[in-house]
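# What the coordinates show
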Amino acid sequence: TEGAEDYVVKVEPECEVVPTAGGPGAPERELRNLQPATEYNIRVAAKGPLGISADSEPLPIRTNALPAPTAVEMPFVSDKEVRVCWAAVPGATDYHVKTQPEASVQPGKDGPAAPERIVTGLNPKTEYSIRVVALTQKGSSALTEPVKVTTKALPRPNGSKTKSVTDNSAIITWTAIQGAQDYQVSVEPKCEVKQTIKASAPERELKGLQSGTEYTVTITAFGKAGTSAVSEPFIVRTKALLPPTEVRASSVTDSSLLLAWKPVTGATSYIISAEPDTAWVQGNDEKGKAAPERLLTQLWPNTEYTFTIIAVNNEESSMQCEPFKVKTLALSKPSRVTAGKVGDTSALLVWAPAEAATNYVLSVNPPAEVVPTEKGPASAERVLKGLKTSTEYTVSVTAVNPDGTSAPSDGFSFKTKALPAPEQPSLGSVTDTTATVAWAAVPGATDYVVKVDPEGQVMETADGAGAPVRQIRGLKPGTEYRVVVAGKGEKGDGSECDPIVIKTNPLATPTAVKTSSVEDSKLTLSWSAVDGATDYKIIASPEDVQVVTRKGGRADSERVVTGLRPGTDYSFSVVAVCPEGNSTQTEPLKVTTKALPTPGIVKARSVTDVSATVAWNAVPGASDYAVRVDPEAEVVPTKDGVGAPAREIRGLQAGKEYQVAIVGKGPKGESAPCEPISIKTNALATPTGLKPSTVEDNSVILSWTSVPGATDYVISGVPDGAKVSVGKDGPAGAERVITGLTAGTDYSLSVSAVSAKGESAGKPVQVKTKALPTPGDVAVSSTDNSATISWAPVPGAKDYTLVTDPPAEVSLTDKGPSAAERLVKGLKPGTDYEVKVAATNDKGDSNPCPPVKFSTKACPRPTGVTSPTVTDNQATITWSPVPGATDYRVLVEPAEGSVKLPGGGPGEAERTLVGLKAGAEYTVSVIGVTEKGTGEASEPVKITTRAEAEVPVPKEKKEAPPSPELVSPTAAPTVKAPAEKEPAIPTAEKVIKEKDEKPTVPVPARVEEKRKEISPPPASKPEVKPAAEPAAPVPGKKEEVLQKPKTAPPAEVAKMVEVAADKATVPVPAKVEKKLEEKAPPAASKPEVIPAVSKPAVEEKLEEKPTTLTAVEELRGAAEVPGPGAVPKTRKEPREAVPEGVTAKLEAVVPRPEAVVPRPEAVVPRPEAVVPRPEAVVPRPEGLAAKPDVPVAKPTGAEALPTPGGIKQSSLTETGATIAWQPVPGATNYSVSVSPAHGRVVESSGAAGAERRLTDLHPNTEYTVSIIAEGVKGTSATSQPLVIRTKDDEERKRREAEELRQKQLLQKQQEEEEQRKQQQKEDQQKQQTLLENKRKEEEQRKQQEL
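Here the residue numbers are simple positions, counted from 1 along each chain's written sequence. Local features in a predicted model are, by the rule used here, given only for residues with pLDDT of at least 70; side-chain atom pairs are given and counted only at 80 or more, and totals for whole chains, interfaces and linings are based on all residues. Based on all heavy atoms of the structure, the side-chain values leave hydrogens and waters out of the count.

## Quick look at the overall build of the chain
Put simply, DSSP H or I for four residues or longer makes a helix, DSSP E for two residues or longer makes a strand, and each gets a number counted from the N terminus. A tally of helices and strands in the chain yields 7 helices and 92 strands. Looking at the chain as a whole, 42% of its 1346 residues qualify as buried. Within the chain, counting contacts between residues at least 6 apart in sequence, those at least 24 apart form 63% of the total. Note on areas: Shrake-Rupley with a 1.4 Å probe; residue coverage comes only from the protein chains shown. Here the chain displays about 69800 Å² of accessible surface, and carbon together with sulfur accounts for 50% of that area. Accessibility here uses a 1.4 Å probe with only protein chains present; expressed as a share of the type maximum, an area under 20% marks a residue as buried, one over 50% as exposed, and anything in between as partly exposed. Contacts between residues were defined by any pair of non-hydrogen atoms, one from each residue, lying within 4.5 Å.

Right under this line is the structure:
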């Protein structure tokens, strides 16, 4: 449409309309989510800048009954037919297939509803277009998109068959296809396909097949016109029996042989063919027909035979094996083979000669060298060489001539000698009395026999009897000996070797060669002196050394070797010398010179009873030092490191002497140790653990670990004028008090132990006195989120430092930094804190005072405490609700009467004091209670009961007083809540109706009499003025709707007043009455004042107890929750709701004591206005309190009660403890904090009793307990903490151990049961396997019998 930017398409019934790819301006849309077989009407309107056109004429369309088929495919295509398949269409009962050009369509084997059709009568190599439509009784689907297919050019191959089949190959044939030039043969599993004739021939050979396996074969024809369809698959099965393989002949003679082959699986017998056919085949009766061997006899000599073998069983036979050829022998075999001379490595064999033999071949096992004798190869004897000693050999002889060979002779066995004679005997070391003989090891020898002439003692070496070496001892110097050796083994003795001649040396070999005093350039070499030696020769390597003879002369057994190089390896041997000859040289002694010079000038310093420090001259090149201490002790480097020439020796014993030597160490090695020095430790240990346990501004207390054996201690470095005093343990005690010191001064002091044996070394300590004294008398006054910390002022202090744990914000008061008080802010309610105070000035700081523990209140102090209703014997107390408070405590002084809970439960900010004395003054304060504990007491409020139980009659007013305003602690703007949460406001008509329908609430007789006395005539009707604007909601409470009530019509007001007069009277205090007179405008008539009565208790139990904290707790049914360390007691269940029609009606007509005007629409009365409005028949919402009308006491900044002291545990068990303390005057309750917060705190002698029981504690656990006293005047500071530890629960441990043992026993039983089941399962499997094996053996036996 011209000018159209968009189109609006309307469809009935509705459906999803989606723009196409052309966008909203394109004149087309796609309709989606249509219903099948449904008619739709479509209208279109054009939309442009000037507006929307009128709708077009409706276009009716009808959706198909079924979705069009999908996934159309042709799994089979031949030259004349096509099989068509598609995805089934839900709901379709039939399908129609259209072809172009047309062809015959037949349903598949599953009928017309199946998604399959066969298209037949097609022309070869022709393209066809195929479409499918789904049909149902309701209609049809759309046609599918056309799918094109071209028929094959050639006919499908058929007539497939096998021509021949073996175990690993087959030849297949089929009917030739006219026009086919080649064929493709597909085989599964895969194998090799080869042409047999040519490509166009309908025949192929399949090779590489597996025996006994089925193969699926398909064939496709190829020609110039195209291809054919794949043929129907046909099966080719190879033979299960393989032809025999690995054919071999043995025991071949001139007339027989044994033919054998590899067994063929499944074969029960074999057929053997021979060419020439002269052989006689004999089976093995013992092994049976299935044995893969046959004996062939009656053969011709020197004749070649060709054998073939076929494996057979009951079902089939294999192909014949490859032809196997073998030639019979030309000669008869030799006989009577015997052994002539047999040695350890050789033997002579002889035999009976074979006729016509020109040579013989010997087969020797194990192999050996065969050598003809001098008689020549035709002689019937041979020599075997290279045999092994004590070894059995088997020999067979075969005769040979130009025509061939004979069969081997029967085997002949013989055994060689056990061992050969030892070879290469040689002499080892020879001394004057000993000699070592060695030889080549004799194969097989486990021992050797050594004979010495003249006799000598033959000893085995460390290598044992089998080693080819012996040491001969007990020889005479300068004597000749003959030695022969023979091997000895398990199989026998060997031959002796040729004699060895030995001559002993005239001198013994020096022994015990050693070095001493090895330094970097020299060393001392020494050895044991040799008898008869006149000199000694030193053989050194390297040789560039100098040997210096000692003063004893050349016969002295010691030499000094000089001229050595540092850090160099040397070897030294010693030879003894005399005129008759020399001794054997000693084994080389290896030694390495020291890499560094020897340390010198070693001195001891700083010697104590248990330690000493040694120092020496630094060694050039040394990077470390080793200190050797005798007796052993711990050596520690000094602060200068390991390279410094000094060490500290620790762990010494008092009064003992030690030898100390130093060794230098460097990258190349070490030095020689220096000459040792002697160090003797002190008789007493140096005091340890020395520290100033207490440091003040003018005194220091030093303490240390007691020194065993010390009778006194000496303090050095004490200035003049100062005094040293012994501690509480006397002179031998490890403590001294030094007084008279100067503030902020450094002192260097030292402590030495003293006894009759001597004095220890001094232990120094540096001490600096504090610049100021430690603050004391720390007091804490805390609220729920802050605390005021004060202490005694410290003279000279300019400032103070406070540290809290957990950390909190500390700020100055208005008195400045030098004032002895601070304000801690940002504390968490109901949390334990510690605070430390330290004084400071320009010279430094004082010690922090000991930690003072305190706990914040669990919630803020209640505010707005007032008593809106007071009679001669009771008073109603209200206050602003405390956020988070679940209960409240009301403290009354003097403790008279009892406290009555409101109908809203313990969480309501209201209580009624009953049983009070007339005309008496009471001091009342309120404490909030949360799950964490109690809060801070409110500021006390004084109330005075009336002298007499009179109900004042209000003066007449000319005009009705203005409506009372809602009173709240802050003047925030009124916030309206959602309309659905607004309570219903009863109308005057509803009040009158309730009067008639509901039973009235009984009114006490005394009140009824008063009401009759003061009630005005019924004709007098009060004039009602509009109510004042409501005040803001109470902070911390959820905002509620406080609407300005509407003024009722005079007639309704009169009725409501009449109803109220019938139900109850409302007292008007004189003070309020006076204010009303002052504020009320002139009026013609005065309102009628209805006397009030106390709210009667409806179905409520009230215990008359004194108004102490205990009474409050018992009345509200909850145990004390003193703080974070205690667990709340079990809270009693709240009272049941009073049945509707009794209490509810009473609430509707009798004002509550704490608020004459009910809420939410009823206005809470201010103290100046207590006259109820006519609308005041609905109970007011919770949380609004009246403004107090009495003065309250101001905080003094100090704790109201003394801090509890004398805390101790009077009893202790595994799960409980009893804590007692000194009573605090004026305390009516005590708050007990326990950390960690386990268990419960239980009163044992009342709330005011100075004792509590801790129950449900954990065994063997440490707890910290602190106390806060509470009273009417306030609370005390937190007491010093008491640490207790519960006893270990042995019974619990025993029970847990028994449970663990039972658990382990059960687990073990379960494991044993699992093992038993597993073993049983394995046994069953073994039994089944055994039975299966027996069954198979039985089947094999039966098969063999067949």
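## Brief notes about the sheet that holds strand S8 (residues 82–85)
A sheet is described by the order of its strands in space; here 4 strands give the open sequence S7-S8-S11-S10, paired in antiparallel fashion. Each having just a single partner strand, strand S7 (73–77) and strand S10 (104–107) make up the two edges of the open sheet. Here the strands of the sheet are splayed against their neighbours by 25° on average, with no regard to which way each runs. Relative to strand S11 (residues 116–120), S10 runs antiparallel, the two being bridged by 4 bridges. Two strands are counted as paired when DSSP detects at least two bridges linking them. Axes, fitted as lines to C-alpha atoms, cover a helix only where it is in contact. Angles between the N-to-C directions of the axes lie from 0 to 180 degrees.

## Some remarks on the pairing of strand S92 (residues 1282–1285)
Of the two faces of S92, the one lined by Leu1282 and Ile1284 is fully buried and the one lined by Val1283 and Arg1285 carries no buried residue. Here strand S90 (residues 1262–1271) runs beside S92; their pairing, made up of 4 bridges, is antiparallel. The partner of Thr1264 across the bridge, within S92, is Val1283.

## Quick notes on the pattern of salt bridges
Salt bridges, as used here, are contacts in which a Lys or Arg side-chain nitrogen is within 4 Å of a carboxyl oxygen on Asp or Glu. One pass over the structure, following the stated rule, counts 32 salt bridges. Here Asp447 ties to Arg470 by a salt bridge, and the two come within 2.8 Å at their closest N and O atoms. You can see Asp447 sitting in strand S39 (residues 447–453) and its partner Arg470 sitting in strand S41 (residues 469–473), a full 23 residues away along the chain. By relative accessible area, which is 24% here, Asp447 ends up partly exposed. For Arg470, a relative accessible area of 3% gives the class buried. Here Arg1335 makes a salt bridge to Glu1332, at a shortest N to O gap of 2.2 Å.

## Quick notes on the environment of Thr930
Relative to the helices and strands, Thr930 resides in strand S82 (residues 921–930). A sequence separation of 72 residues divides Thr930 from Ala858, and the C-alpha atoms of the two residues are 6.4 Å apart.

## What about the packing of aromatic side chains?
Geometry of aromatic contacts follows a simple scheme: Phe, Tyr and Trp rings, the Trp one being its six-membered ring, pair when their centres are within 6.5 Å, and the pair is stacked under 30 degrees between planes, edge-to-face over 60, tilted otherwise. For the structure on display, the rule yields 16 aromatic pairs. Ring centres of Trp261 and Tyr270 lie 5.0 Å apart, and the angle between their planes is 70°; this geometry places the pair in the edge-to-face category. Each member of the pair, Trp261 together with Tyr270, is buried. Aromatic side chains Trp704 and Tyr713 sit 5.0 Å apart centroid to centroid with 65° between the ring planes, which places their arrangement in the edge-to-face category. The burial state of Trp704 is the same as that of Tyr713; both residues are buried. Taken together, Tyr393, Phe412 and Phe414 form an aromatic cluster joined through their ring pairs.

## Notes on the nonpolar core
For this analysis, a nonpolar core means a set of buried residues of the types Ala, Val, Leu, Ile, Met, Phe, Trp, Tyr and Cys, connected via side-chain atoms within 4.5 Å. Ranked by size, the top nonpolar core spans 23 residues in total, and within it Val247, Leu257, Leu259, Tyr270, Phe307 and Ile309 carry the most contacts. Those elements giving two or more residues to this core turn out to be strand S23 (257–262), strand S24 (269–275), strand S27 (304–312) and strand S28 (324–327). It is S27 that provides the largest number of residues to this core, a total of 4 residues.

## Overview of the sheet that holds strand S22 (residues 245–250)
Taking strand neighbours across the sheet as the criterion, the 4 strands line up as S22-S23-S26-S25 in an open arrangement whose pairing is antiparallel. For this open sheet the edge positions go to S22 and strand S25 (280–282), each flanked by a neighbour on one side alone. The sheet shows a mean angle of 25° between the axes of neighbouring strands, direction not considered. Pairing geometry for S23 and strand S26 (residues 293–297), over 4 bridges, is antiparallel.

## Concerning the environment of Lys680
Structurally, Lys680 can be placed in strand S60 (residues 677–680). Lys680 gets classed as exposed once you look at its relative accessible area, which sits at 56%. Taking the C-alpha atoms as reference, Lys680 lies 7.8 Å from Val607; in sequence the two are 73 residues apart.

## With respect to the environment of Ser379
Positionally, Ser379 belongs in the loop between strand S32 (369–372) and strand S33 (381–385). We classify Ser379 as buried; its relative accessible area is 13%. In the structure, Ser379 is positioned 19 residues away from Tyr360 in sequence and 8.2 Å away in space, judged by C-alpha atoms. Excluding residues within four positions of it along the chain, Ser379 makes contact with Trp351, Tyr360 and Thr373.

## Focus on the pairing of strand S12 (residues 127–136)
Where strand S9 (residues 94–100) meets S12, 7 bridges bridge the pair, whose relative direction is antiparallel. Opposite Val97, over in S12, you have Val132 as the bridge partner. What sits between the antiparallel neighbours S12 and strand S13 (residues 139–140) is a turn of 2 residues.

## Quick word on the side chain of Asp535
Secondary-structure assignment places Asp535 in strand S47 (residues 535–541). Looking at Asp535, the relative accessible area reads 15%, which means it is buried. Any N or O atom pair separated by 3.5 Å or less is treated as a polar contact, with the protein-specific requirement of one donor-capable and one acceptor-capable atom, and with residues adjacent in sequence counted only for side-chain atom pairs. Among the polar contacts listed, one links the side chain of Asp535 to the side chain of Arg559, at a separation of 3.4 Å.

## Focus on unusual backbone geometry
Geometrically, the link from Glu275 to Pro276 is a cis peptide bond, its omega value of 5° lying close to zero. Note that the residue after Glu893, namely Pro894, is joined by a cis bond; omega there is 0°. Positive phi is not limited to glycine here, since Asn1260 has a value of about 50°. Tracing the chain through its elements places Asn1260 in the loop between strand S89 (1251–1255) and S90. Assessed through its relative accessible area of 40%, Asn1260 is described here as partly exposed.

## Topic: the side chain of Thr173
Examined against the element boundaries, Thr173 turns out to sit in strand S16 (residues 169–173). Since its relative accessible area comes to 13%, Thr173 is described here as buried. Apart from the residues within four sequence positions on either side, Thr173 is in contact with Gly159, Ser160, Lys161, Lys163, Pro202 and Glu203.

## Considerations on the confidence of the model for the chain
The pLDDT score gives, residue by residue, the confidence of the prediction method on a 0 to 100 scale. Per-residue pLDDT for the chain averages 79, and the proportion of residues at 70 or more is 81%. Counting contacts from residues 1014–1048, a segment whose pLDDT is below 50, to residues more than four positions away or on other chains yields 107 contacts. Here residues 1071–1076 is a poorly scored stretch, pLDDT under 50, and it has 16 contacts once near neighbours within four places are set aside; other chains count.

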